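# Understanding the architecture of this molecule
Below are the chains, spelled out letter by letter.
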Number of protein chains: 2
Amino acid sequence: MRLFFDPNINASLQTFILSEEESKHIIRVLRMKTNDKLVVLNGKGASFTCEIKEYHSKKCELRILKVDQDLPLDYSIHIAIGPTKQMDRMEWFIEKATELGITEISLIACKNQERTKLKIDRLLKKAVSAMKQSQRTFLPKINDIVDLKSFVKSNPNGLIAHCRDEDKHTFHQDFSKTNCPILIGPEGDFTKEEIELALNNGYKAITLGENRLRTETAGLYACMFAKTLIE
Amino acid sequence: MRLFFDPNINASLQTFILSEEESKHIIRVLRMKTNDKLVVLNGKGASFTCEIKEYHSKKCELRILKVDQDLPLDYSIHIAIGPTKQMDRMEWFIEKATELGITEISLIACKNQERTKLKIDRLLKKAVSAMKQSQRTFLPKINDIVDLKSFVKSNPNGLIAHCRDEDKHTFHQDFSKTNCPILIGPEGDFTKEEIELALNNGYKAITLGENRLRTETAGLYACMFAKTLIE
């Protein structure tokens, strides 16, 4: 059955009015009719099987027939990454990481990076579409950009992947499947001071291998590596 | 130093004339001059430190100063994949897989797939650029499209990742770091007959996790998984 997304649908309701965007898609693009069935995800593990009660291209009303709630995830994969200059590289990182089950993405502002602003909405759309495509029921949390200092203070004790020539552990030596944010350097890498700041907040330095990876490749590799250790 | 690529440079030469494409880039874009130094990779593990002997925008002549030859790789990661409908998805697969050290990519024609032709040249260019970017010295081999039957007959005893509900092993149970081609299904997945064909040629069926991954995500995930097992 076709999947839709609305974070406001909840199990206490019998009927629900879909957002304008999804309503338009259902009526104008898919040309669905009254009594057609569909599934709405809330991004928090619940799938609502519904049928169209009243079709309207701006506020399509659904009758909720059944609710399935998945168990909460028993792991977290939280990647904090400096946005790349080219937005499409960030977008594909979000798409692929969502397909693979990332749970949280934080955007950070570092010294050696050109982009310090970006539109969270576009990234969120990519995540929603990847969630549907991969038939997941949990949508990753995407946090708007904050500076590295604030990030490591409120999210201590993680891993920091950088390219500087220093003592580093391998990923699987130190990764833990809960509460272990992973910092991925921006296109100009972290500065020495930024690395020290992280280490002073309980971070461990790790290597992702000998070769120089692009920022978004490093982010996805860390996500995939975490996934292989969780499963 | 700046990296360039030419598969024809070799260690028996004292001078070398670069290809028209690289010559043009060196002279017209980078505006390099006589005696400027650069490195030419041959994609087979050798790095040639050179200086410009005579600059010419179509046939730049180099004097070879030094040759470094890396040891042959002690592993292979060979992914055989059905090309996606959208070419850019294949291109990023090639880019990321090259950054991560894939050694061979084979394109296969399967029953449930829309695209059966593609331009190898564009993919090769992506690979060359990713090789330079990640400072690797080996270029992956990219094989033009063949049908699945020919592929499994000439490359037996690998792994086949598919989405059908059958008995499957996990990746790390069966991956071997040499001579273990990994078949990734096309966008419409393999047919039952295609899976049987592979199994009859010594392939083992594997799963890449419970969720449905896009073809190019599955290919990259397999490549990254292999990399974590090799290192």
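Please read all numbers here as calculations on a predicted model, not as lab measurements. (Residues numbered from 1 in each chain as written. Chains lettered and ligands numbered in written order. Predicted model: local features only at pLDDT ≥ 70, side-chain atom pairs only at ≥ 80, totals over all residues. Heavy atoms only, no water.)

Looking now at helix α6 (residues 192-200) of chain B. Residues and elements named next belong to chain B. Of the positions making up α6, those classed as buried are E194, I195 and A198. The buried residues of α6 occupy an angular sector of 100° when the element is viewed end-on, so they sit on one face. More than 90 degrees from the buried face of α6, the exposed residues found are E193 and N200. A positive backbone phi angle near 85° is found at G202, which sits one or two residues after α6. (Buried < 20%, exposed > 50% of the residue type's maximum accessible area, 1.4 Å probe, protein only. Helix = DSSP H or I, 4+ residues; strand = E, 2+ residues; numbered from the N terminus. Arc of directions from axis to C-beta.)

Time to look at the nonpolar core. Grouped together as the largest cluster of nonpolar side chains are 88 residues, with contacts concentrated most on I79, F93 and F171 of chain A together with I79, F93 and F171 of chain B. Excluding residues within four positions of it along the chain, F171 of chain B makes contact with L159, I182, I206, T207, L208, A222, F225, A226 and L229 of chain B. (Core = buried A, V, L, I, M, F, W, Y, C linked by side-chain atoms within 4.5 Å. Contact = heavy atoms within 4.5 Å.)

Moving on, we get to the domain arrangement of chain A. All names here are of chain A. Splitting chain A by domain gives domain 1 (3-69) and domain 2 (78-230). Taken together, the 11 residues of domain 1 in the interface contact 9 residues of domain 2. When the two sides are added together, the surface that domain 1 and domain 2 hide from each other amounts to roughly 740 Å², 68% of it contributed by carbon and sulfur. Looking at the side of domain 1 facing domain 2, the largest losses of area belong to L3, F5 and G43, adding up to 52% of the total buried there. Across the contact surface, domain 1 and domain 2 share 2 salt bridges. Among the ionic pairs, E21 bridges to K125, the shortest N-O distance being 3.9 Å. Applying the counting criterion to the domain 1 and domain 2 interface returns 4 residue pairs in polar contact (both at pLDDT 80 or more). With 3 residues, the single largest contributor to the side of domain 1 that touches domain 2 is strand β1 (residues 3-5). Taken together, the residues of the side of domain 1 that touches domain 2 break down into 5 nonpolar, 3 polar and 3 charged. (Domains from an automatic or database assignment. Buried area = accessible area lost by both parts, 1.4 Å probe. Salt bridge = Lys/Arg side-chain N within 4 Å of Asp/Glu carboxyl O. Polar contact = N/O pair within 3.5 Å; in protein donor to acceptor, adjacent residues only side chain to side chain. Nonpolar A, V, L, I, M, F, W, Y, C, P; charged D, E, K, R; others polar.)

Turning our eyes to something else, we now look at the sheet that holds strand β1 (residues 3-5) of chain B. Residue and element names in this part refer to chain B. Read from one edge to the other, the open sheet built from 5 strands follows the order β1-β3-β4-β5-β2, with strand pairing classed as mixed. Every other strand in the sheet has two partners, leaving β1 and β2 (15-17) as the edge strands with one partner each. Across the sheet, the mean angle from the axis of one strand to that of its neighbour is 40°, orientation sign disregarded. Two strands pair when backbone bridges link them, and strand β4 (residues 46-54) and strand β5 (residues 61-69) are joined in this way by 8 bridges, in the antiparallel orientation. Its bridge partner being in β5, I52 is matched across the sheet by L62. (Pairing = 2+ DSSP bridges. Axes fitted to C-alpha atoms, helices over the stretch in contact; angles between N-to-C directions.)

Now for the pairing of strand β7 (residues 104-109) of chain B. All names here are of chain B. Relative to β7, strand β6 (residues 78-81) runs parallel, the two being bridged by 4 bridges. Bridge pairing in β7 links H78 to E104. At this point the chain moves from β6, through helix α2 (residues 87-99), to the parallel β7, and the crossover so formed is right-handed. With respect to chirality, the unit in which β7 leads through helix α3 (residues 120-133) into the neighbouring parallel strand β8 (residues 141-147) is right-handed. (Right-handed = clockwise from strand over helix to strand, strands pointing away.)

Let's shift gears to the pairing of strand β7 (residues 104-109) of chain A. Bridge count between β7 of chain A and strand β8 (residues 141-147) of chain A: 5 bridges; the pairing is parallel. By the bridge assignment, A109 of chain A is partnered in β8 of chain A with D147 of chain A.

A few words on the side chain of E22 of chain B. All names here are of chain B. By the element assignment, E22 lies in helix α1 (residues 20-29). A polar atom in the side chain of E22 sits 2.8 Å from the backbone nitrogen of F5. Each residue touching E22, except ones within four places of it in the same chain, is listed here: F4, F5 and K132.

All names here are of chain B. With their axes 9 Å apart at the nearest point, α2 and helix α7 (residues 215-230) run at an angle of 10° to one another. Put simply, α2 runs roughly parallel to α7. Along the contact surface, α2 presents R89, W92, F93, K96 and A97, while α7 presents E216, G219, L220 and C223. In terms of residue class, the contact of α2 with α7 is made up of 5 nonpolar, 1 polar and 3 charged. (Parallel < 35°, antiparallel > 145°, perpendicular 65-115°, else oblique.)

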